[in-house]
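Structural overview for review
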Amino acid sequence: MPHATTAHSPKSAPAFGRFFLPGPTEVLPEILAAQTRPMIGHRGKAMEHLIAEMMPGLQRIFRTARPVYIAAASATGLMEAAVRNCAGRRVLALVNGAFSDRFLRIAQANGAEVHACEVPMGHVHRPELVESELRRKQYDAITVVHSETSTGALNPIRDIAEVAHRAGETLLLVDSVTGVGGAPVETDAWSLDFILTGSQKALALPPGLALGVANTRALERARHASNRGVYFDLLEFESYIRKNQTPNTPALSLMYALAAQVARIESETIESRWARHRAMAERVWEWSGEMQARGVDLRVLAPEGHRSPTVTCLTLPEGRLGPSVTEGLKARGYTISAGYGALKDSSIRIGHMGDHTVSELNALLAELADVLGA
Ligand SMILES: *Cc1c(COP(=O)(O)O)cnc(C)c1O
């Protein structure tokens, strides 16, 4: 029997621009198609060529002169790598949502002595407060989430890095899973000791790859870590990437998609990509004001000046529930997310990241206004 057109074939897939989850994000058809290239040996010249060719583009995305590690894992894998290699014994965990809480739990699970510094959901960590924590006690590392995907709040990681480094030997470990590729990140200029992301967020690739950069301070710490383990040993990543290889079998099909996407980002330029994300975020903030003017009490959870350019959490008017709003949109062919965890019923989240544009976003917002009865 010939292969019939199935629900999964590109022919029946909806037009690009309908899927606005804050991860995984929508992947362009040509990027999905790049995954169908044939297999190659991962210790041969073809593999080395693939990695060597995309490395300068990856470095421009992270704004670093250091090599970018490529792991076959979801982003949480490199969160664990950050902790096992670089956290030391005493960790200050900056918590302001679900993913920063995950970072804290990973540190605890790996035996660190963790002090949680918590601010309410939607808020960010102020560098002055971090500095006073560091004056009270010495820490080997700080864990922080750049763009807290559960609330849409954007931590000032540049300023937090500055106070961390003023404190001496404290390393800053940054989860920038919904930052890198969408929000401005300056790995080298801000002296971020370890930074990681995942493929399925602002980079708009299928899930399954985690990318990270360690500076020399982080590697020095790793060298003295007694419990780095095997799969996420950063010293192994460092020595293999120098040969344009990965320590173990890479997720080859995803690497093809990554190479294609890095080339696309190179032609867009990372600065334009940041600007496009900023424009999408500003459109959502402005639109929530328009909704209020029309009597629908929709509010951006994160305070002005501390909002992520890649994801917005909107608190709903009394009597509207997150899951029912997302269902209403689904019936119109659009996907967004309800709130995360405790915020599930009271809010919705729009992932305006990856390869979407303001015009696609406007189409979504028009449907959403309708669902909300505005
Ligand atoms: C999605 C996300 C993660 C987890 O990523 P996985 O790929 O599911 O492991 C971690 N941190 C943040 C901020 C995220 O948005």
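Residues numbered from 1 in each chain as written. Predicted model: local features only at pLDDT ≥ 70, side-chain atom pairs only at ≥ 80, totals over all residues. Heavy atoms only, no water.

1. Concerning the overall build of the protein chain
The helix and strand inventory of the protein chain stands at 12 helices and 13 strands. Here the C-alpha atoms of the protein chain give a radius of gyration of 21 Å, agreeing with the 21 Å that 2.2 N^0.38 yields for 374 residues. When its C-alpha atoms are laid out on the principal axes, the protein chain stretches across 60 × 60 × 35 Å. Restricting to contacts in the protein chain with at least 6 residues of sequence separation, those with at least 24 account for 72%. When the accessible surface of the protein chain is totalled, it reaches about 15500 Å², and 52% of it is carbon and sulfur. Measuring between centres, the 39 positive side-chain charges of the protein chain sit 3 Å from its 39 negative side-chain charges. (Helix = DSSP H or I, 4+ residues; strand = E, 2+ residues; numbered from the N terminus. Rg over C-alpha atoms; globule rule 2.2 N^0.38 Å. Contact = heavy atoms within 4.5 Å. Areas by Shrake-Rupley, 256 points an atom, 1.4 Å probe, with all protein chains shown as cover. Lys, Arg positive; Asp, Glu negative; His and termini not counted. Charge placed at Lys NZ, Arg CZ, Asp CG, Glu CD.)

2. Thoughts on the site of the ligand
Surveying the vicinity of the ligand reveals 14 residues, the closest of which are Ser-74, Thr-76, Thr-149, Asp-175 and Lys-201. Here an oxygen atom of the ligand sits 2.5 Å away from a polar atom, N or O, in the side chain of Thr-76. Residue Asp-175 places a side-chain N or O atom 2.6 Å away from a nitrogen atom belonging to the ligand. Burial of the ligand by the surrounding chains reaches 90%, relative to a free accessible area of 390 Å². Listing elements by their share of the shell around the ligand, those giving two or more residues are helix H3 (75-86) and helix H4 (98-109). (Near = heavy atom within 4 Å. Polar contact = N/O pair within 3.5 Å; in protein donor to acceptor, adjacent residues only side chain to side chain.)

3. Here's the deal with the sheet that holds strand S7 (residues 171-175)
Each strand in a sheet pairs with another by means of backbone hydrogen bonds, the pair being arranged parallel or else antiparallel. Overall, mixed pairing links the seven strands, which are arranged S1-S9-S8-S7-S4-S2-S3 in an open sheet. Here the strands that pair on one side only, and so sit at the sheet edges, are strand S1 (69-72) and strand S3 (113-118). The sheet shows a mean angle of 20° between the axes of neighbouring strands, direction not considered. Here strand S4 (residues 141-145) pairs with S7 via five bridges, running parallel. Paired with Val-144 across the bridge in S7 is Val-174. Packed on one face of the sheet, helix H6 (residues 157-166) meets strand S2 (90-95), S4 and S7 and runs near 160° to S7. Packing of helix H8 (residues 234-241) onto the sheet brings it into contact with S1, strand S8 (194-198) and strand S9 (209-214), and relative to S1 it is tilted by some 115°. (Pairing = 2+ DSSP bridges. Axes fitted to C-alpha atoms, helices over the stretch in contact; angles between N-to-C directions.)

4. Side note on the environment of Glu-286
Note that Glu-286 resides in helix H10 (residues 270-293). Along the sequence, Glu-286 and Val-300 sit 14 residues apart, while their C-alpha atoms lie 9.8 Å from each other.

5. Things to note about the packing of aromatic side chains
Throughout the structure, instances matching the rule amount to three aromatic pairs. Their ring planes at 55° and their centres at 5.3 Å tell us that Phe-99 and Tyr-340 sit as a pair that is tilted. Here Phe-99 is found in helix H4, whereas its partner Tyr-340 is found in the loop between strand S12 (337-338) and strand S13 (347-351), with 241 residues between them in sequence. Ring centres of Tyr-231 and Phe-232 lie 4.9 Å apart, and the angle between their planes is 75°; on these two criteria the pair is classed as edge-to-face. What makes Tyr-231 partly exposed here is its relative accessible area of 39%. Between Lys-201 and the ring centre of Phe-99, over which it is positioned, the NZ or CZ distance is 5.3 Å. A cation over a ring is seen here: Lys-243 above Tyr-240, with NZ or CZ 4.1 Å from the ring centre. (Phe/Tyr/Trp six-rings, centres within 6.5 Å; stacked < 30°, edge-to-face > 60°. Buried < 20%, exposed > 50% of the residue type's maximum accessible area, 1.4 Å probe, protein only. Lys NZ or Arg CZ within 6 Å of the ring centre and 35° of its normal.)

6. Some thoughts on the layout of surface pockets
Of the pockets and cavities examined, the second largest pocket occupies roughly 320 Å³. Taken together, 17 residues line the second largest pocket, and the ones lying closest to its centre are His-146, Leu-154, Asn-155, Gly-305 and Arg-307. For the lining of the second largest pocket, a count of residues per class yields eight nonpolar, four polar and five charged. (1 Å grid on protein atoms, 1.4 Å probe; cavity = no way out; pocket = protein on both sides within 12 Å on 5 of 7 lines; lining within 4 Å. Points joined across faces, edges and corners; volume = space filled by probe spheres on them. Nonpolar A, V, L, I, M, F, W, Y, C, P; charged D, E, K, R; others polar.)

7. A few points about the confidence of the model for the protein chain
Per-residue confidence for the protein chain gives a mean pLDDT of 96; residues scoring 70 or more make up 96%. The model gives residues 1-10 a pLDDT under 50, and that stretch makes three contacts with residues more than four places away or in other chains. (pLDDT = per-residue confidence, 0-100.)

8. A look at unusual backbone geometry
Following Gly-23, the chain continues to Pro-24 via a peptide bond in cis, the omega torsion being -5°. As for its position among the elements, Pro-24 is in the segment before helix H1 (29-34). You will see that Thr-269, though not glycine, has its phi angle at about 80°, which is positive. With respect to the helices and strands, Thr-269 occurs in the loop between helix H9 (252-268) and H10. According to the relative accessible area criterion, Thr-269 is partly exposed, its value standing at 31%.

9. Side note on empty space enclosed by the protein
In this structure the tally under the stated criterion is one cavity of 30 Å³ or more. Of the pockets and cavities examined, the largest cavity occupies roughly 90 Å³. Broken down by element, the residue count for the lining of the largest cavity peaks at three residues, all from S1. Of the residues belonging to the lining of the largest cavity, the class tally is nine nonpolar, three polar and no charged.

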